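Observations on chain architecture
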Amino acid sequence: MPTLIVLRHAKAVAGFGTADIDRVLNDRGRRDAAAAGEWLRANGLVPARVLCSPAARTRETLDLLAVDAPADYEPVIYANDPDELLALASEAPQDTGTLLLVGHNPSVHQLVHDLTGEAPDAFPTCALAVVDLEGAWSELRPGLGTLRTVRTPKD
């Protein structure tokens, strides 16, 4: 049974004078991202592959997670469309046990809801959801996931 970890990037600096895609993490974001990586390792949730937005804040979040997995930087994730995220995840290699998707709100929050029929009321920066999926990646459809757990930086 495949597992999808959906992670919203950690807290970034304000965007004044900087293009949105170039915004980096602030101090809190860097701490939260490192803590999320420690949590993933402590819970045996190290991904085999990563799909990540090319934005600076998502790339930095991924770096600070310190997971040892090949990563693909996909512009479609930055476009912030939950249907596109679902389609992208459905293309994961079939031998991928755990896939991590690092993206942006509101699409990551909506993706969790679409897959599981439930989601937390809020999905703050550096929140992650672990979704167990029925069937193969290529069969990924709304409603075919079970929400195992949600973690936020305050948990």
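Summarised in this report is the structure supplied together with it. (Residues numbered from 1 in each chain as written. Predicted model: local features only at pLDDT ≥ 70, side-chain atom pairs only at ≥ 80, totals over all residues. Heavy atoms only, no water.)

**Remarks on helix α4 (residues 82–89)**
- All of the buried residues in α4 are P82, L85, L86, L88 and A89. Looking straight down α4, one finds its buried side chains confined to an arc of 165°; they lie on one side.
- Those residues of α4 hidden inside the fold are in contact with β2 (49–52), α3 (75–78), β4 (98–103) and α5 (107–116).
- Measuring from the side-chain oxygen of the N-cap residue of α4 to the backbone nitrogen of D83 gives 2.8 Å; that N-cap residue is D81. (Buried < 20%, exposed > 50% of the residue type's maximum accessible area, 1.4 Å probe, protein only. Helix = DSSP H or I, 4+ residues; strand = E, 2+ residues; numbered from the N terminus. Arc of directions from axis to C-beta. Contact = heavy atoms within 4.5 Å. Polar contact = N/O pair within 3.5 Å; in protein donor to acceptor, adjacent residues only side chain to side chain.)

**Re the nonpolar core**
- Grouped together as the largest cluster of nonpolar side chains are 23 residues, with contacts concentrated most on L4, L111 and L115.
- Those elements that provide at least two residues to this core are β1 (3–8), α4, β4, α5 and β5 (128–133).
- Discounting chain neighbours no more than four positions away, the residues touching L4 are L99, L101, L111, L115, A129, V130, V131, L133 and W137.
- Within the second largest apolar cluster, 19 residues are counted, among which are L7, A36, A69 and V130. (Core = buried A, V, L, I, M, F, W, Y, C linked by side-chain atoms within 4.5 Å.)

**Quick word on the pairing of β2**
- In this structure, β2 lies alongside β4, joined through 4 bridges in parallel fashion. Within β4, the position partnered with R49 by the bridge is L99.
- Two strands pair when backbone bridges link them, and β2 and strand β3 (residues 71–73) are joined in this way by 3 bridges, in the parallel orientation. In the strand pairing of β3, C52 is matched with Y73. (Pairing = 2+ DSSP bridges.)

**Some details on the pairing of β4**
- Burial of β4 is extensive: 6 of the 6 residues sit out of reach of the surface.
- Where β1 lies against β4, 6 bridges are found, and the strand directions are parallel. Bridge pairing in β4 links L4 to L99.

**Quick notes on the packing of helix α1 (residues 27–42) against helix α2 (residues 56–65)**
- Running from N to C, α1 and α2 cross one another at 45°; their axes reach a closest spacing of 7 Å. In this view, α1 runs oblique relative to α2, as classed from their interaxial angle. Crossing geometry of α1 relative to α2 is assigned as right-handed. Between α1 and α2, the contacting residues are R30, A33, A34, A36, G37, L40 and R41 on the first element and E60, T61, L64 and L65 on the second.
- Counted by class, the contact of α1 with α2 contains 6 nonpolar, 2 polar and 3 charged residues. (Axes fitted to C-alpha atoms, helices over the stretch in contact; angles between N-to-C directions. Parallel < 35°, antiparallel > 145°, perpendicular 65-115°, else oblique. Left-handed = near helix turned anticlockwise from the far one by under 90°. Nonpolar A, V, L, I, M, F, W, Y, C, P; charged D, E, K, R; others polar.)

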